[in-house]
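Observations on the model geometry
Single-letter residue listing:
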Amino acid sequence: MFDIGVNLTSTQFAKDRDQVVKRAREAGVTGLLITGTNALESQQARQLAAQHPGYCWSTAGVHPHHASEWSAETANTLRRLAESEQVVAIGECGLDFNRNLSAHDQQEYAFDAQLALAAELQLPVFLHCREAHDRFVAVLEPWLPKLTGAVAHCFTGTRDELESCLALGLSVGITGWVCDERRGLELREMLPLIPAERLLLETDAPYLLPRDMHPRPPSRRNEPCFLPHIVQQVANWRGEEAEALGAQVNHNARQLFKLV
């Protein structure tokens with residue numbers, strides 16, 4: 001089982017990053033993809049991945065919250081990072097019309113620029129979309145024939161939005177959100193709609209600690225070592241064996257990010 005979304009640059013991991021990776025290995029997690037969300041954190045993510053060769057990789061991108069920071073210098077930084085063997089995707093990029101920390105036009109400009117960069121470099125994209133599906137598709141769709149692959153990271157949308165993402169050929173990343181009895185029930189019911197070869201799993205650590213873990217971890221901080229719990233729960237809801245699902249999502253991640 002491969003965790004495609006770990007925010008290992010977070011200050012919540014400042015005191016024990018190496019131990020977090022060690023616990024993930026011991027839990028049976030086969031690899032980690034460390035998320036880059038702006039130019040600085042993308043550089044930090046690459047450095048962290050380099051400390052664990054063959055086990056950790058990273059993305060390089062600008063999250064829509066940081067879209068107002070986009071510049072030619074940012075683009076050059078991401079291009080330079082993408083030359084590293086550790087960087088295997090462009091992103092996290094996309095649109096977020098929920099918090100609107102950057103203006104919509106800035107978000108769309110930065111998103112389009114990163115799609116262009118991914119197409120140029122022939123790297124897959126690590127996508128973010130929240131309450132912006134129609135504009136997200138409008139920006140993304142023209143680029144899809146030129147991209148090597150894409151994953152809708154931390155998908156929490158509606159059934160119509162899931163079906164739209166699948167029709168576009170996207171892979172779908174599922175987090176511990178699906179384990180939330182308050183917010184995750186609709187997503188839980190949609191799990192069987194995702195083709196096995198398009199499903200990816202992630203913790204989005206340190207966020208989205210699964211609420212149905214028993215006993216509850218003493219800290220509310222999520223970790224990649226909790227991915228087996230998500231695998232087990234998703235397998236139950238899809239009517240599959242957890243070991244087979246873990247192998248499948250590991251294969252899917254390595255195919256998408258060219259780690260085979």
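Residues numbered from 1 in each chain as written. Predicted model: local features only at pLDDT ≥ 70, side-chain atom pairs only at ≥ 80, totals over all residues. Heavy atoms only, no water.

Let's talk about the UniProt feature "binding site: a divalent metal cation" (unreviewed entry) in the chain
The feature "binding site: a divalent metal cation" (unreviewed entry), as given by UniProt, occupies Glu92, His128 and His153 in the numbering adopted here. Over a stretch of 62 residues, the named residues converge on one spot in the fold, their C-alpha atoms separated by at most 8.3 Å. Looking at the element boundaries, Glu92 is found in strand 4 (residues 87-96). When its relative accessible area of 4% is taken as the criterion, Glu92 is described as buried. If we ignore the near neighbours within four places in the chain, the residues touching Glu92 are Thr35, Gly36, Thr37, Thr59, Gly61, Val62, His63, Pro64, Gln114, Phe126, His128 and His153. At a separation of 2.9 Å, a polar atom in the side chain of Glu92 contacts the side chain of His128. As for its placement among the helices and strands, His153 is situated in the loop between strand 6 (150-152) and helix 6 (159-167). Overall, the relative accessible area of 5% leaves His153 in the buried class. Not counting chain neighbours up to four residues away, the residues in contact with His153 comprise Glu92, Phe126, Leu127, Gly173, Glu202 and Asp204. Here the side chain of His153 touches Glu92 through a polar contact of 3.3 Å, side chain to side chain. (UniProt positions renumbered as here; feature names shortened; annotations may be inferred. Helix = DSSP H or I, 4+ residues; strand = E, 2+ residues; numbered from the N terminus. Buried < 20%, exposed > 50% of the residue type's maximum accessible area, 1.4 Å probe, protein only. Contact = heavy atoms within 4.5 Å. Polar contact = N/O pair within 3.5 Å; in protein donor to acceptor, adjacent residues only side chain to side chain.)

Observations concerning the packing of helix 4 (residues 104-121) against helix 5 (residues 133-140)
Axis separation between helix 4 and helix 5 bottoms out at 10 Å; the angle between their running directions is 35°. In the packing of helix 4 onto helix 5, the handedness of the crossing is right-handed. Along the contact surface, helix 4 presents Glu108, Phe111, Asp112 and Leu115, while helix 5 presents Arg135, Phe136, Val139 and Leu140. Here the residues of the contact of helix 4 with helix 5 sort into 5 nonpolar, no polar and 3 charged. (Axes fitted to C-alpha atoms, helices over the stretch in contact; angles between N-to-C directions. Left-handed = near helix turned anticlockwise from the far one by under 90°. Nonpolar A, V, L, I, M, F, W, Y, C, P; charged D, E, K, R; others polar.)

What about the pattern of salt bridges?
The full count for this structure, using the stated rule, is 13 salt bridges. A salt bridge links Asp180 to Arg182; the nearest nitrogen and oxygen atoms lie 2.9 Å apart. Asp180 sits in the buried class, given a relative accessible area of 3%. Residue Arg182 is classed as exposed on the basis of its relative accessible area, which comes to 53%. Between Asp180 and Arg183 there is a salt bridge whose closest N-O contact spans 3.2 Å. Note on Arg183: relative accessible area 42%, which makes it partly exposed. One continuous salt-bridge network, built from bridges that share partners, spans Asp180, Glu181, Arg182, Arg183 and Arg211. (Salt bridge = Lys/Arg side-chain N within 4 Å of Asp/Glu carboxyl O.)

Focus on the packing of helix 8 (residues 227-238) against helix 9 (residues 242-256)
Between helix 8 and helix 9, the shortest axis-to-axis distance is 9 Å and the interhelical angle comes to 110°. Viewed along their axes, helix 8 and helix 9 adopt a mutual orientation that is roughly perpendicular. Residue-level inspection shows Val231, Gln232, Val234, Ala235 and Arg238 of helix 8 in contact with helix 9, the latter providing Ala242, Leu245 and Gly246. (Parallel < 35°, antiparallel > 145°, perpendicular 65-115°, else oblique.)

Overview of the sheet that holds strand 2 (residues 31-34)
With respect to topology, 8 strands assemble into an open sheet ordered 1-2-3-4-5-6-7-8, the strand pairing being parallel. Taken across any chain shown, the strands that pair with only one partner, and hence form the sheet edges, are strand 1 (2-6) and strand 8 (199-201). If you compare each strand with its neighbour and ignore which way they point, the axes differ by 30° on average. Relative to strand 5 (residues 125-130), strand 4 runs parallel, the two being bridged by 6 bridges. Among the inter-strand pairings, Gly91 is bridged to a residue of strand 5, identified as Phe126. Across the sheet, helix 8 touches strand 1, strand 7 (171-174) and strand 8, and the angle it forms with strand 8 is around 145°. (Pairing = 2+ DSSP bridges.)

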